[in-house]
Amino acid sequence: MSEHAITVVVNGVRHQGRVPSRKLLVHYLRDDLRLTSVHVGCDSTQCGACTVHVDGHAVKSCTVLAVQADGSTLGTVEGVATDGVLHPLQQAFQDCHALQCGFCTPGMIMSSLDLLERYPDPSDAQVRAWLKGNFCRCTGYQHIIEAIRSVGHGSGSVPNEHAGTREGSAQARVCHGC
Amino acid sequence: MAADDVHAVTSLRARPDAAMPAGPDDAGQFGRPARRREDLHHLLGRGRFTDDIVASGEDALHLTILRSPHAHARIRRIDVARAKAMPGVIEVLTGADLTQNVGPLRANWIWPRMPLPEHRALSEKVARYVGEGVALVVATDRYIAADALEAIDIDYEVLAAVTDPYRAAQAGASVVHPELDGASIRGNVLQHVPVRAGNYAAARRKADVIVTQRLRNQNLVPGAMEPRSVHASYDMTTDVVTIHLSSQAPHIMKRMLAQVLNVDEHRLRVIAPDVGGGFGAKLHLYPEDVLVTAMAFRLKRAVKWTSTRTEDFLSTNHGRDHVQEVEICATRDGTITGLKATIWGNLGAYVSGMGPGIPAVNCGMILTGVYRIPNLHVDTNLMLTNTSRVDTYRGAGRPEATYLIETMVDRVARRLGLDPVEVRRRNFIPPSAFPYTIASHAFCYDSGDYPKNLDKALEIVGYASQRAKQERLRKRGRYLGIGLATYTEFTGIGNGNLLAMFGFDYGGWEYGRVLVHPTGTVEIHTGSADQGQGHATSYVQIVCDVLEIPAGQCSVVEGDTGRVEFGLGTFNSRSMAVGGAALHEAARRLLAKAKRMAAHALGVTADDIVYAKGIFSVRREMSPFAQGSRVLRRGTRDLVGKVYRHLLGVQPVQVGAGRDKISWEEVARLAHFLTTYPNGLEPGLDERVFHRPKDFVFPFGTYAAVVEVDVETGDVDVRRLVAVDDCGRIINPLLARGQVHGGAAQGLGQALLEQSLYTDDGRPRAANWMGYAFPRALHMPYIEAEHTVTPTDRNALGVKGIGESGSICTPPAIVNAVLDALSPLGVTHLDMPLLPEQVLSAISTARRERSRSVDAIGSGAVAT
């Protein structure tokens, strides 16, 4: 098995190492760098538990070879909080009870950060569409969506997806728990 | 590497309250939507699941399993030489290598007189489902271990297979366990369990309407996000193997591993660290748990196995999988008078932990749901087939029972031209009838107010206006449907004696311990640990409600047999009703003892102590006698103190002397370091309770779905999903809502998306999420979750259970809504999941039949 030298910057720290050519990025992050927030949920790019940032974009690390990441800047959820202070999205996840078992959470956070970067004030439909590649078996997604939208920038410009329900648009963007 | 520090092997389940600001206002009181103490470490990426564990300072060896690609096959020859010779391979073993030292896996719910098919961790001669293990490899690296599997040479003789529980019962079906056939069982029917009540035949004779239907409750994959995983490490100093296991019941697993491996239980420590969802599928002993532990003993090294998603599909227990033939009798006014059902419930190729009880008891004995139905004729057949084992999956039997009765009630309503709401009301067990023993005599319901709960759901969904809207839209060729389902279930598994008579070997208790450190911080130990529900947060709320101290002063220890001495585990929505009740009692006893300590220190009796928010005070309005007694005691102590000082030059501890108040922290310290203790009291504040519930508790609820069916595409759009649950008193409404949401998503998955199908030769059609439709965010409607509150008197907290409601009641609500939408087109039945092609095909079949009968009537061929 051939080996390759790679250099990556992960959460601001530069790592140099040698990896077998077949080693997956998720295994490099978990086994070599001990960044165990990066979870293997399905090995087939369905569930998104392994989502990390590669050069700022959400990528599923279970279907990327470690050698392909050579020269990249990577981010995992271990690097999201700064100086022990939660990122507003992390705080929203707690406030809205957007996690239960926590296995999908790191991937959800990394994926949603990319969403919020692209769409700072996403609609309910946009969030649901974006999360098609991130599975959660515990929450039914509702609190996750509320958490993500609660940190969106705008206010009141969100289409009313829940017209006719008791939870009208005004409440729909507010986390229940808050 | 510094990161290794956080991997140190210890109990990782102590939950300090890092996530919550401290302060008296944050005392986790009962009923508040307290934020979870479990969240912070996950959010920071510090979650510790079994596959994350590094123990005993070494990287674990990787264990992989060669699995049968055939549903039924004899192993003709197996040659591991090539695999063994590969660099990095430590061990390669087959079933034959293990028979001496590894016993067969046991089940926990073995029906009286029911034979148990032998289940070995690796099959030696015959593989009976796709995915059954036939050999194992242990290697230094996961990639090498995978390579070595491909180097094992194996020949199979493929045998006929059967995967459908109904077909398995038919004459001529291939037999899964020929060694039992004819000897102790007939064919594949492992056990037949009849339930009879009243006189069904008479009810049938007198009925105005008899509705029959065959129902299929499909085979489902529980699908916890964290695949199963087990890591075992050997400590040569203590000769103990520590097993990290993604499990809902670490204490039961310890007992069973000790039995299977024939080792003393004290040589095993089982730790369930963070567990990434369980849903019933991580409740039972699996071959991999046995193999990894056995290899750690054999190799005296750390060994681990983590399932791939495909392995999880193939080897983790599935759920549901019933065929039900149902007949229901009613009078013209909608009164249901009798129910007949024959159930074929799949157990899979071997019997898993609670497998037999799920169809037989959890479904077959509670089919009447929330209704008074006096006449019953139920036959449950426990079927062996060539699938992976089928056992508990969120609701475990109650979803199958509820789907049966709730879709049949709607059929009765449609047949009689009555509103399904009215048929439900007419047959409800009335609030005045509780406690109520149901016709099967298996259960006595504790409390309920079904009409009030139904009314709330109708109000939220706007039932009358939805019906009006349905009428309007139908005129425009749009098909709106309103579906209701009402349920009850039993949670907080209890009455261990009764359960034992039905072969259930868990008992019904739960263990709780509350202890106070000398500095006043409180440690809560529970045998019913968390897989994401937020138990630690809820338990702290229960304990802090009694002890009136800030939540930040408490930590919770769970999921570790080395730190929590006893436990049964988390299943059957039992944690709050049984585990919570244990902790509540422990906290009450502890506070009573603390009061006696405080009273002793302050020189009064415990009756004269008032406790509030961390302060023990002397009651202001003491009786003259008590006041006199206090003065006397104080005087005596002062005198004794003076004597000690004078004669011996020492000072007795007299913290509270002369004071009217003493703090929690002071009492905690005194409890450990007093010179003398009140009559008969031992030092310390440490209470342990085995709480044994009197009986089950019975939550209930109403779910309402509003759907629109696109009759051109067959698409079902769930526009509203209203869940009104009654789980008794609510400890934490935020967490309760989370449970309802998650259950509803799994219920919607069953109704519309999910099914595990098999080819004719028994191979699963889907072995990962690429072929199995898992509910995504896009599939989910906005769930409107509300509650009514009808407490129970069967535990001191008045709580029932909420974990399973959504998966029980959502499927019939959605299916009833779709059938309601399509009733003008003549569609009367659909099997789950309601895929667009099935909906379209049912519509076109109904249209064809309708036009045929119209033609027939037109030609005068049918007598009217």
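Residues numbered from 1 in each chain as written. Chains lettered and ligands numbered in written order. Predicted model: local features only at pLDDT ≥ 70, side-chain atom pairs only at ≥ 80, totals over all residues. Heavy atoms only, no water.

Peer 1: Help me get a handle on the pattern of salt bridges, residues and values and all.
Peer 2: By the definition in use, this model includes 58 salt bridges over all chains. A salt bridge links Lys23(A) to Asp32(A), with the shortest nitrogen-to-oxygen separation between them at 3.0 Å. Between Glu311(B) and Arg67(B) there is a salt bridge; the shortest N-O distance is 2.9 Å. On the criterion of sequence distance, the pair formed by Glu311(B) in helix α9 (residues 309–315) and Arg67(B) in strand β1 (residues 61–67) is long-range, its members being 244 residues apart. With respect to class, Glu311(B) is no different from Arg67(B); both count as buried. (Salt bridge = Lys/Arg side-chain N within 4 Å of Asp/Glu carboxyl O. Helix = DSSP H or I, 4+ residues; strand = E, 2+ residues; numbered from the N terminus. Buried < 20%, exposed > 50% of the residue type's maximum accessible area, 1.4 Å probe, protein only.)

Peer 1: Explain unusual backbone geometry to me, using residue names and the numbers behind them.
Peer 2: Residue Pro435(B) is reached from Phe434(B) by a cis peptide bond, and omega for that bond is -5°. When you line up the elements, Pro435(B) lands in the loop between α12 (420–427) and β16 (436–437). The residue after Met832(B), namely Pro833(B), is reached through a cis peptide bond having omega -5°. Note on placement: Pro833(B) falls in the loop between α21 (805–822) and α22 (836–858). Its identity as a non-glycine residue notwithstanding, Arg34(A) has a phi of 60°, on the positive side. Inspection of the secondary structure puts Arg34(A) in the loop between α1 (25–32) and β3 (51–54). Although it is not a glycine, Ser573(B) adopts a positive phi angle of roughly 45°. The topology assignment puts Ser573(B) in the loop between β21 (554–558) and α17 (575–602).

Peer 1: Give a detailed account of the pairing of strand β23 (residues 615–618) of chain B, specifying residues and quantitative values.
Peer 2: Residues and elements named next belong to chain B. Here strand β22 (residues 609–612) pairs with β23 via four bridges, running antiparallel. Following the sheet pairing, Ile-609 is matched in β23 by Val-618. Here β22 folds back onto β23, and the loop between the two strands holds two residues, one of which, Lys-613, carries a positive phi near 45°. Direction of pairing for β23 relative to strand β24 (residues 661–663): antiparallel, over a ladder of three bridges. Bridge pairing in β24 links Phe-616 to Ile-662. (Pairing = 2+ DSSP bridges.)

Peer 1: Before we move on, could you go through helix α2 (residues 88–95) of chain A and cite the residues and values that matter?
Peer 2: Looking at α2(A), one finds that the buried residues are Leu89(A), Gln90(A), Ala92(A), Phe93(A) and Gln94(A). Looking at the buried residues of α2(A), the elements they touch are α3 (105–118) and α5 (142–150) of chain A together with α1 (39–43) of chain B. Remark: His97(A) follows α2(A) within two positions and exhibits a positive phi of approximately 55°. (Contact = heavy atoms within 4.5 Å.)

Peer 1: Which residues make up the sheet that holds strand β3 (residues 89–94) of chain B, and what are the values?
Peer 2: Residues and elements named next belong to chain B. If you trace the seven strands from one edge of the open sheet to the other, you get β3-β5-β1-β12-β9-β10-β11, paired in mixed fashion. Of all the strands in the sheet, just β3 and β11 (268–271) have a single pairing partner and so form its edges. Neighbour-to-neighbour, the strand axes of the sheet open up by a mean angle of 20°, direction not taken into account. Contacts between helix α4 (residues 142–150) and the sheet are confined to β1, β3 and β5 (133–139), with β1 contributing the most and set at about 25° to the helix. Each of β10 (240–245) and β11 is contacted by helix α7 (residues 250–261), which is oriented at about 145° to β11, the strand it contacts most. (Axes fitted to C-alpha atoms, helices over the stretch in contact; angles between N-to-C directions.)

Peer 1: Tell me about the nonpolar core, and please be specific about residues and values.
Peer 2: Phe93(A), Leu63(B), Phe443(B) and Leu822(B) are the most contacted members of the largest nonpolar core, which totals 219 residues. With 10 residues, the single largest contributor to this core is α21(B). Excluding residues within four positions of it along the chain, Phe93(A) makes contact with Ala98(A), Leu99(A), Thr105(A), Met108(A), Ile109(A), Ile144(A), Ala147(A), Ile148(A) and Leu43(B). (Core = buried A, V, L, I, M, F, W, Y, C linked by side-chain atoms within 4.5 Å.)

Peer 1: Tell me about the interface of chain A and chain B, and name the residues and values.
Peer 2: Opposite the 59 residues of chain A that make contact, chain B presents 65 residues. Carbon and sulfur atoms make up 55% of the area that chain A and chain B hide from each other, which totals about 5,400 Å². Contact with chain B buries surface across chain A, with Arg34(A), Gln94(A) and Arg137(A) losing the most and accounting together for 17% of the total. The salt bridge involving Glu754(B) is made with Arg137(A); its shortest N-O contact spans 2.8 Å. The interface formed by chain A and chain B includes 30 residue pairs in polar contact (both at pLDDT 80 or more). When contributions to the side of chain A that touches chain B are tallied by element, the ones reaching two or more residues are α1, α2, α3, α4 (124–130) and α5 of chain A. For the side of chain A that touches chain B, the residue count by class is 22 nonpolar, 22 polar and 15 charged. (Buried area = accessible area lost by both parts, 1.4 Å probe. Polar contact = N/O pair within 3.5 Å; in protein donor to acceptor, adjacent residues only side chain to side chain. Nonpolar A, V, L, I, M, F, W, Y, C, P; charged D, E, K, R; others polar.)

Peer 1: Which residues make up the domain arrangement of chain A, and what values go with them?
Peer 2: Residue and element names in this part refer to chain A. Splitting chain A by domain gives domain 1 (3–79) and domain 2 (88–172). Each side of the interface is counted separately: domain 1 has 18 residues, and domain 2 has 14 residues. Among the residues of domain 1 in contact with domain 2, His-39, His-53 and Val-77 are the three that bury the most area, contributing 37% of the side total. Linking domain 1 to domain 2 there are zero salt bridges. (Domains from an automatic or database assignment.)

Peer 1: Mind laying out the packing of helix α20 (residues 733–753) of chain B against α21(B), listing which residues take part and the relevant values?
Peer 2: All names here are of chain B. It is at 7 Å that the axes of α20 and α21 come closest, and there the two elements cross at 40°. Considering their axes alone, α20 and α21 lie oblique with respect to each other. α20 and α21 meet at a crossing whose hand is right-handed. Along its contact with α20, which presents Val-740, Gly-743, Ala-744, Gln-746, Gly-747, Leu-748, Gln-750, Ala-751 and Leu-752, the element α21 presents Ser-805, Gly-806, Ser-807, Thr-810, Pro-811 and Ile-814. Counted by class, the contact of α20 with α21 contains seven nonpolar, eight polar and no charged residues. (Parallel < 35°, antiparallel > 145°, perpendicular 65-115°, else oblique. Left-handed = near helix turned anticlockwise from the far one by under 90°.)

Peer 1: Help me get a handle on the packing of aromatic side chains, residues and values and all.
Peer 2: All names here are of chain B. In total, this model carries 29 aromatic pairs over all chains according to the counting rule given. Taken together, a centroid distance of 5.0 Å and an interplanar angle of 75° make the contact between Trp-109 and Phe-504 edge-to-face. With Trp-109 in the loop between α3 (95–98) and β4 (126–127) and Phe-504 in the loop between α15 (496–501) and β19 (510–516), this residue pair connects regions lying 395 residues apart in the sequence. A relative accessible area of 2% means that Phe-504 is categorised as buried. A network of ring pairs unites the aromatic residues Tyr-371, Phe-428, Phe-434, Tyr-450 and Phe-700 as a single cluster. The ring of Tyr-166 has Arg-214 lying over it, and the distance from NZ or CZ to the ring centre is 4.0 Å. A cation over a ring is seen here: Arg-228 above Tyr-286, with NZ or CZ 3.6 Å from the ring centre. (Phe/Tyr/Trp six-rings, centres within 6.5 Å; stacked < 30°, edge-to-face > 60°. Lys NZ or Arg CZ within 6 Å of the ring centre and 35° of its normal.)

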